[in-house]
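Residue-level listing of the chains:
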Amino acid sequence: MARILVTGITGQDGSYLTESHLESGDEVHGIVRQSSLLQRTRLDAIPALLEAREAGRLTLHYADLSDTSSLVAVMRNVQPDVVYHLAGQSHVKISFDLPEYTADSTGLGTLRLLEALRSVAPDARFFLAATSEIFGEAAESPQTETTPMNPINPYAAAKVYALNLVRIYRQAYGLFACAGILFNHESPRRGENYVTRKIARAAARIARGKQTELHLGTLAPKRDWSYAPDVVDGIRRIAAAPKPDDFILASGATHSVGDFCRAAFAVVGLDPDKHVRLDPRYVRPIDITETRGDASKARRELGWAPKTGFDALVRLMVDAEIAALDGRGEAA
Ligand code: NAP
Ligand code: GDD
């Protein structure tokens, strides 16, 4: 039985990762921050996680990425075998509105956590959720682990810093510090202001007569979309690898935002052209045209490959929204 510490446990990936480790019989600890509402939907709505909390196999600890002493205290109390660092301000457009907070939580937060690890739990394995955003308008397609970094937004710049720190702490101090260079991954638990969840939710709500229009910034950008539980499986493999390294986790396929709309509206038998409106409020100062990842290193060295294709992903997300509207299934 391993002791697992997860930052970002209340997020999409954190909830799937927690479920996965609990299923393996591990003890999971999560960092949560103070907020005025105690409701944590992605943890509270999942019966297995509630049961694990009651049984003492899942424990939440108050800490914040901006508070070094809180991170050291949690690390000292938990004495983890593996730390998954998933927390931080992760919305690209919002990173233009909150550049300093993004740099502090996503960039410096990683530094604080690595320092806490180095001083209190240097034998623990450390995993960072890095991102395809580090490549910006990439110099090559598909992107590999050696594609040059060229960030074009404050979030990506903070993640470049965080990824460089992981590499530095691995080399300088011999820590087991590794990273997943994660391409977009989605699920019914995705945050509501990310485009796939926004589209899936709107398609379902329009089909049920609760909404008439969907406002999006642009339909043109293409992303390499995977299913979050598949990526979480890859994250576990990276953290369990014989040696610390960085791996791309991606599907290798790319689709536009418009493709996602067409596929989602088709699930409920609707024509997106009748409902989708372009809205400048959701346009970014600069945006990546296309991402496409080459996960052959993860396939070769870790035996990882995504199981869920684009059409199945879109369908399961829309079906989940319909089920939630109809009072069935989990509502993240
Ligand atoms: P998410 O759903 O937005 O969750 C973010 C988590 O970070 C939440 O638990 C949030 O807590 C926590 N957090 C934010 N600021 C914090 C702070 N100052 N102190 C403590 N906790 C804080 O993100 P996700 O989609 O699961 O992604 C997980 C990680 O993977 C992120 O680092 C993201 O950048 C990276 N990533 C994601 C994707 C993707 O497609 N999903 C792709 C590449 C990389 P609250 O619940 O309190 O807000
Ligand atoms: N969110 C959002 N809302 N995006 C929109 C909208 C809209 O109304 N309209 C168009 N888009 C476009 C964005 O401009 C972007 O090109 C694309 O849809 C995807 O946007 P998001 O779903 O917000 O994801 P992202 O690609 O910017 O970032 C996500 O993936 C990264 C990995 O590549 C986040 O999860 C990041 O944290 C992650 O690192």
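Residues numbered from 1 in each chain as written. Chains lettered and ligands numbered in written order. Predicted model: local features only at pLDDT ≥ 70, side-chain atom pairs only at ≥ 80, totals over all residues. Heavy atoms only, no water.

So, the nonpolar core
Then, in step 1: Ranked by size, the top nonpolar core spans 70 residues in total, and within it Met 75, Tyr 84, Phe 126 and Phe 127 carry the most contacts.
Then, in step 2: Residues in contact with Phe 127, not counting those within four places in the same chain, are Val 83, Tyr 84, His 85, Leu 86, Cys 178, Ala 179, Gly 180, Ile 235, Ile 238 and Ala 239.
Then, in step 3: Grouped together as the second largest cluster of nonpolar side chains are 23 residues, Ala 204, Leu 214, Val 257 and Phe 310 included. (Core = buried A, V, L, I, M, F, W, Y, C linked by side-chain atoms within 4.5 Å. Buried < 20%, exposed > 50% of the residue type's maximum accessible area, 1.4 Å probe, protein only. Contact = heavy atoms within 4.5 Å.)

Re the confidence of the model for the protein
Then, in step 1: Overall, the prediction assigns the protein a mean pLDDT of 97, with 99% of residues at 70 or greater.
Then, in step 2: Of all the helices and strands in the protein, helix H2 (residues 41-44) carries the lowest mean pLDDT, 89, while strand E6 (residues 176-182) carries the highest, 99. (pLDDT = per-residue confidence, 0-100. Helix = DSSP H or I, 4+ residues; strand = E, 2+ residues; numbered from the N terminus.)

Considerations on the packing of aromatic side chains
Then, in step 1: Under the defined criterion, the tally for this structure stands at 6 aromatic pairs.
Then, in step 2: With 6.1 Å between their ring centres and 55° between their planes, Tyr 84 and Phe 127 make a pair best called tilted. Of this pair, Tyr 84 sits in strand E4 (residues 82-85) while Phe 127 sits in strand E5 (residues 125-131), and the two are 43 residues apart along the sequence.
Then, in step 3: Exposure remark for Phe 127: the relative accessible area of 0% places this residue in the buried category.
Then, in step 4: Ring pairs connect the aromatic residues Trp 225, Phe 260 and Phe 310, which therefore count as one cluster.
Then, in step 5: Positioned above the aromatic ring of Tyr 16, the side-chain terminus of Arg 189 is 4.0 Å from the ring centre. (Phe/Tyr/Trp six-rings, centres within 6.5 Å; stacked < 30°, edge-to-face > 60°. Lys NZ or Arg CZ within 6 Å of the ring centre and 35° of its normal.)

Things to note about the site of ligand 1
Then, in step 1: The local shell around ligand 1 holds 24 residues, among which Thr 10, Arg 33, Leu 86, Ser 90 and Tyr 155 are the closest.
Then, in step 2: Within the side chain of Thr 10, an N or O atom sits 2.6 Å from an oxygen atom of ligand 1.
Then, in step 3: A distance of 2.8 Å is found between an oxygen atom of ligand 1 and a side-chain nitrogen or oxygen belonging to Ser 90.
Then, in step 4: Protein coverage of the free-state accessible area of ligand 1, which is 910 Å², stands at 86%.
Then, in step 5: Taken together, the elements giving at least two residues each to the shell around ligand 1 come down to helix H1 (12-23), E5 and helix H7 (154-173).
Then, in step 6: No other element matches E5, which puts 3 residues into the shell around ligand 1.
Then, in step 7: Across the shell around ligand 1, the residue classes break down as 10 nonpolar, 9 polar and 5 charged. (Near = heavy atom within 4 Å. Polar contact = N/O pair within 3.5 Å; in protein donor to acceptor, adjacent residues only side chain to side chain. Areas by Shrake-Rupley, 256 points an atom, 1.4 Å probe, with all protein chains shown as cover. Nonpolar A, V, L, I, M, F, W, Y, C, P; charged D, E, K, R; others polar.)

Focus: the pattern of salt bridges
Then, in step 1: Per the stated rule, a full pass over the model turns up 20 salt bridges.
Then, in step 2: The partner of Asp 245 in a salt bridge is Lys 243, and the shortest N-O contact between them spans 3.7 Å.
Then, in step 3: You can call Asp 245 buried: its relative accessible area is 16%.
Then, in step 4: Where Asp 245 meets Lys 297, a salt bridge forms, and the shortest distance between an N and an O atom there is 3.0 Å. Taken together, the residues Asp 245 in the loop between helix H9 (228-239) and strand E11 (246-249) and Lys 297 in helix H11 (residues 296-302) connect sequence positions 52 residues apart. (Salt bridge = Lys/Arg side-chain N within 4 Å of Asp/Glu carboxyl O.)

Describing the side chain of Asp 279
Then, in step 1: One can find Asp 279 in the loop between strand E13 (276-278) and H11.
Then, in step 2: On the basis of relative accessible area, Asp 279 is assigned to the buried category, the value being 8%.
Then, in step 3: Once you skip the residues sitting within four places of it in the chain, Asp 279 turns out to touch His 215, Leu 216 and Gly 217.

Digging into the site of ligand 2
Then, in step 1: By nearness alone, 24 residues border ligand 2, and Ser 90, Ser 132, Tyr 155, Arg 284 and Asp 287 come closest of all.
Then, in step 2: For ligand 2, the accessible surface in isolation is 710 Å², of which the surrounding protein chains cover 95%.
Then, in step 3: Elements represented by at least two residues in the shell around ligand 2 include exactly helix H8 (195-207) and strand E8 (214-216).

Describing the environment of Tyr 155
Then, in step 1: With respect to the helices and strands, the residue Tyr 155 is situated in helix H7.
Then, in step 2: What makes Tyr 155 buried here is its relative accessible area of 8%.
Then, in step 3: Along the backbone, Tyr 155 and Gln 89 are 66 residues apart, and their C-alpha atoms lie at a distance of 7.6 Å.

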